[in-house]
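Chains, contacts and geometry: an overview
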Amino acid sequence: MRFPLILTNFKNYPSALGESAEHLAEIHIQAMKITGKQFAVAVSALDLRNIAGRFGNELPVFAQHVDDGGYGSTTGKIIPEEVKKLGASGALLNHSECRIGDMERLGKIIGRCRDAGLMVVVCAEDAEEGAQIMEKFSPDLIAVEPPELIGGDISVSSARPELIEESVKKIGTGKVLVGAGVKTGEDVRIAMELGAVGVLLASGVTKAADPGRVLEDLVSGL
Ligand code: G3P
């Protein structure tokens, strides 16, 4: 994985599921070719096989969540080793819409992902939580996202620039992505200037009339 990184979380937006997920992944590949910058996507578990299988060689594909269940009697669990086998590069964990909560369980899942060869991006709601997770489990990256700004029109870069600085200070240089409301190259520019190594975003791309254009604009801030 090269840095800086723009990681798009497809969530369960209809524009980013099934066939639309394929289309959106192709748009990311196109943007990567045009700009030469690093993009990655986090897709629904239902789309992992298709998207990671088809595009995983060109575009890093992440699971939006994985569990600590192992093979066997673990109904409904998403198993990290299987995610890796499907061609995924990494896993997003502890997103504020899919909190793991329990620190011990989070540590176990991070360990499983690491052993399976998945890159781990753990979400945190503030700098303290991010620092605690980094200190305990050393995931590859922490994505700091203030929950109240997620899915909104005001970005973390414009509303909470001090949070970005504080996160980098507490969590570490080269370890912090930021997200929530990120939509423009200017949002990315501020985040990078304050020490982030990239952004995690969703609605700015998934709800855009022209996602390709948004991706190119985001890159202008790198
Ligand atoms: O995972 C990304 C995310 O929670 C931010 O969402 O829609 O504010 O970019 P959004």
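For the structure itself, consult the block above.
Figured I'd write up the structure that's included with this text. In this text the structure is predicted, and so the values were computed from the model without any measurement. (Residues numbered from 1 in each chain as written. Predicted model: local features only at pLDDT ≥ 70, side-chain atom pairs only at ≥ 80, totals over all residues. Heavy atoms only, no water.)

Here we look at the state of the cysteines
- One pass over the full model with this rule turns up zero disulfides.
- Distance from the sulfur of Cys-98, which forms no disulfide, to the nearest cysteine sulfur (Cys-123) is 9.6 Å.
- Cys-98 gets classed as partly exposed once you look at its relative accessible area, which sits at 30%. (Disulfide = S-S within 2.5 Å. Buried < 20%, exposed > 50% of the residue type's maximum accessible area, 1.4 Å probe, protein only.)

With respect to the layout of surface pockets
- Of the pockets and cavities examined, the largest pocket occupies roughly 230 Å³.
- Looking at the largest pocket, it is lined by 14 residues, and the ones nearest its centre are Lys-11, Asn-12, Gln-64, His-65 and Cys-98. (1 Å grid on protein atoms, 1.4 Å probe; cavity = no way out; pocket = protein on both sides within 12 Å on 5 of 7 lines; lining within 4 Å. Points joined across faces, edges and corners; volume = space filled by probe spheres on them.)

Some thoughts on helix α8 (residues 185-193)
- Within α8, the full set of buried residues consists of Gly-185, Asp-187, Val-188, Ile-190 and Ala-191.
- Downstream of α8 by a residue or two, Gly-195 has a phi angle that is positive, lying close to 110 degrees. (Helix = DSSP H or I, 4+ residues; strand = E, 2+ residues; numbered from the N terminus.)

Comments concerning the site of the ligand
- In the vicinity of the ligand, the contacting residues are Asn-9, Lys-11, His-95, Glu-145, Ile-150, Gly-151, Ala-180, Gly-181, Leu-200, Leu-201, Ala-202 and Ser-203.
- Between the ligand and Ala-202 there is a distance of 2.8 Å, counted from an oxygen atom to a backbone nitrogen or oxygen.
- Protein chains bury 100% of the 310 Å² of accessible surface belonging to the ligand in isolation.
- Of all the cavities here, the one that holds the ligand is the largest cavity.
- For the shell around the ligand, the per-class residue count stands at five nonpolar, five polar and two charged. (Near = heavy atom within 4 Å. Polar contact = N/O pair within 3.5 Å; in protein donor to acceptor, adjacent residues only side chain to side chain. Areas by Shrake-Rupley, 256 points an atom, 1.4 Å probe, with all protein chains shown as cover. Sits in = over half its atoms within 2 Å of the grid points. Nonpolar A, V, L, I, M, F, W, Y, C, P; charged D, E, K, R; others polar.)

Remarks on the sheet that holds strand β7 (residues 176-179)
- Pairing is parallel around the closed barrel formed by eight strands, whose spatial order is β1-β2-β3-β4-β5-β6-β7-β8. Adjacent strand axes in the sheet meet at a mean angle of 25 degrees when their direction is disregarded.
- As judged from the three bridges shared by β7 and strand β8 (residues 198-201), these two strands associate in the parallel manner. Residue pairing across strands places Val-178 opposite Val-199, the latter belonging to β8.
- The sheet strands contacting helix α4 (residues 103-116) are β4 (90-93) and β5 (119-124), and the helix crosses β4 at an angle near 170 degrees.
- Together, β1 (5-9), β2 (38-43) and β8 form the strand contacts of helix α10 (residues 211-219), whose direction differs from that of β1 by roughly 145 degrees. (Pairing = 2+ DSSP bridges. Axes fitted to C-alpha atoms, helices over the stretch in contact; angles between N-to-C directions. Contact = heavy atoms within 4.5 Å.)

Thoughts on the environment of Ile-142
- Residue position: Ile-142 is located in strand β6 (residues 141-144).
- A relative accessible area of 0% places Ile-142 in the buried class.
- Spatially, the C-alpha atoms of Ile-142 and Val-121 are 5.5 Å apart, while their sequence positions differ by 21 residues.

Focus on empty space enclosed by the protein
- Under the definition given, this model contains one cavity of 30 Å³ or more.
- Counted by class, the lining of the largest cavity contains seven nonpolar, five polar and three charged residues.

Brief notes about the nonpolar core
- Formed by 65 residues in total, the largest nonpolar core has its most connected members in Leu-93 and Leu-218.
- For this core, the element with the most residues is helix α1 (residues 18-35), which contributes seven residues.
- Those residues in contact with Leu-218 that lie beyond four places of it in its chain are Ile-6, Val-182, Lys-183, Thr-184, Gly-185, Val-188, Leu-201 and Val-205.
- If you look at the next biggest cluster of nonpolar residues, it comprises 14 residues, including Leu-7, Phe-62, Leu-141 and Ala-143. (Core = buried A, V, L, I, M, F, W, Y, C linked by side-chain atoms within 4.5 Å.)

Brief notes about the pairing of β5
- The element β5 is extensively covered by neighbouring structure, given that six of its six residues are classed as buried.
- Here β5 shows a buried face lined by Met-119, Val-121 and Cys-123 and a second buried face lined by Val-120, Val-122 and Ala-124.
- Bridge analysis of β4 against β5 gives four bridges, and the strand direction is parallel. When the bridges of β5 are listed, Leu-92 appears paired with Val-121.
- Crossover β4 to β5 through α4 is right-handed.
- By the bridge criterion, four bridges tie β5 to β6 in an arrangement that is parallel. Bridge pairing in β6 places Val-122 opposite Ile-142.
- Following the backbone out of β5, through helix α5 (residues 127-137) and into the adjacent parallel β6, one traces a crossover that is right-handed. (Right-handed = clockwise from strand over helix to strand, strands pointing away.)

That is the geometry; function is a separate question.
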